[in-house]
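Chain and residue survey
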Amino acid sequence: MTSVPPRLPPAIELRRVAKSFGTVQVCRDVDLAIETGEFVTLLGPSGCGKTTTLNMVAGLEDSTSGDILLAGRRVNELSPVERDVAMVFQNYALYPHMTVAENIGFTLRMRGMKRAEIATRVTAIAASLELSHVLERLPAQLSGGQQQRVAIGRALVREPRIFLFDEPFSNLDAALRVKMRAEVKQLHQRLGVTSLFVTHDQEEAMSISDRIAVMNRGRVEQFGTPEEIYARPATRYVASFIGNPQIELMPGTVEAADGRPAVRLGAQVLPLPGDGRFRPGQKVEIGIRPEHVRLGAGDLSASVRLVQPVGPLSHVVLDWDGGSLTATLPGFSRLQPGERVSAAISPDDMLVFDQETGLRL
Ligand code: ATP
């Protein structure tokens, strides 16, 4: 008889976690289960409760209600040190008077580890983060990216079970942010430490995560892989938060055209998938992603308002009598403002939301 290996409890689990500051509730009904080795991001706009959620996992903030479990053990009452998590902050919090080597080895010295062993560990971590040549420098003598890597090194050296990152790249310039994303992702692929990462940058979240929890006003609206979140957003909010340029959302009413469902937007009628999801009279909101607008064919008549080349792609903003629409085309577009174009959108590419609830139909 083959035996099924026992399922490990999630590395991090939040069960109906809520948090209020006085009368203001900033997290409500947060349920999350993060598997061992996963890289998960909490994504949402400023003030949605991401940092508060992270701080509750770290033990820096008490929850008002609900349970927090690490590897199946309830830790609500445990201190940050007892939880065996390492946190990397926005402002790095490096000790300015200590060298890079002393900064990385600091927590090991506090634990009373022998000097030789500390040196071995610090050397190995520094090599993996490409910091070997700056070990004797002070933080002020480092670039922003190097300081960030020292902060990560200081967390790594403790060999924690869990890594928590609170917007760790927000003080870096745009180019360095993109580079650090790749570095953190490769580090995670190599070491496989369970990681919970906070950001308000959807592109950062998409590029780095195994799964993303999209938060809105203290709640998790959707928890899924980057592809699920992008291609099958659960709500209008998730659809509009993810994607650059933003998805175009247009209110409309379902009607039957030749016995098939369609949606009227202004004077135009666009066919919807005929899979029984829609009924005539239903108030909906249609979401169209820029890469799904095909130009040069189709019944939608529009005029070009703006062409924005970004190198590999051009974003073309169109006006039509149903509103505006952005189309993403490969390369440098030759279209001119004012030019008339025809456009087509496949029914299967349209995301359709209930106008009232915002849920995807
Ligand atoms: P940001 O990206 O701006 O940090 P966030 O999504 O991480 O936003 P939180 O920092 O978790 O949001 O804050 C959520 C809400 O809780 C905010 O409205 C904030 O003002 C409030 N808040 C956070 N900490 C406290 C506190 N100690 N006392 C009172 N209110 C707080």
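Residues numbered from 1 in each chain as written. Predicted model: local features only at pLDDT ≥ 70, side-chain atom pairs only at ≥ 80, totals over all residues. Heavy atoms only, no water.

Quick look at the site of the ligand
Around the ligand sit Phe-21, Val-26, Pro-45, Ser-46, Gly-47, Cys-48, Gly-49, Lys-50, Thr-51, Thr-52 and Glu-167, and those are all the residues in its vicinity. Within the side chain of Ser-46, one N or O atom sits 2.6 Å away from an oxygen atom of the ligand. With respect to the ligand, the side chain of Thr-51 contributes an N or O atom lying 2.7 Å from an oxygen atom. Protein chains bury 55% of the 630 Å² of accessible surface belonging to the ligand in isolation. (Near = heavy atom within 4 Å. Polar contact = N/O pair within 3.5 Å; in protein donor to acceptor, adjacent residues only side chain to side chain. Areas by Shrake-Rupley, 256 points an atom, 1.4 Å probe, with all protein chains shown as cover.)

Points about the pairing of strand β17 (residues 323-330)
In this structure, strand β16 (residues 313-320) lies alongside β17, joined through eight bridges in antiparallel fashion. Residue pairing across strands places Val-317 opposite Thr-326, the latter belonging to β17. (Pairing = 2+ DSSP bridges. Helix = DSSP H or I, 4+ residues; strand = E, 2+ residues; numbered from the N terminus.)

With respect to the confidence of the model for the protein chain
A low pLDDT score tells you not to read the predicted coordinates there in detail. Taken over all residues, the pLDDT of the protein chain has a mean of 91, while the share at 70 or more is 99%. At the level of chain-chain contacts, confidence expressed as ipTM amounts to 0.93, with global pTM at 0.89. (pLDDT = per-residue confidence, 0-100.)

What to know about unusual backbone geometry
For residues that are not glycine, phi is negative in most cases, and the peptide bond is trans in most cases. Between Asn-244 and the following residue, Pro-245, the backbone shows a cis peptide bond with an omega angle of -5°. Within the secondary structure layout, Pro-245 lies in the loop between α9 (236-241) and β11 (248-257). For Asp-84, which is not glycine, the phi torsion reads 60° and is therefore positive. Judged by relative accessible area, Asp-84 falls into the partly exposed class, the value being 27%. One non-glycine residue with positive phi stands out, namely Arg-217, at about 45°. Its place among the elements puts Arg-217 in the loop between β9 (211-216) and β10 (219-224). (Buried < 20%, exposed > 50% of the residue type's maximum accessible area, 1.4 Å probe, protein only.)

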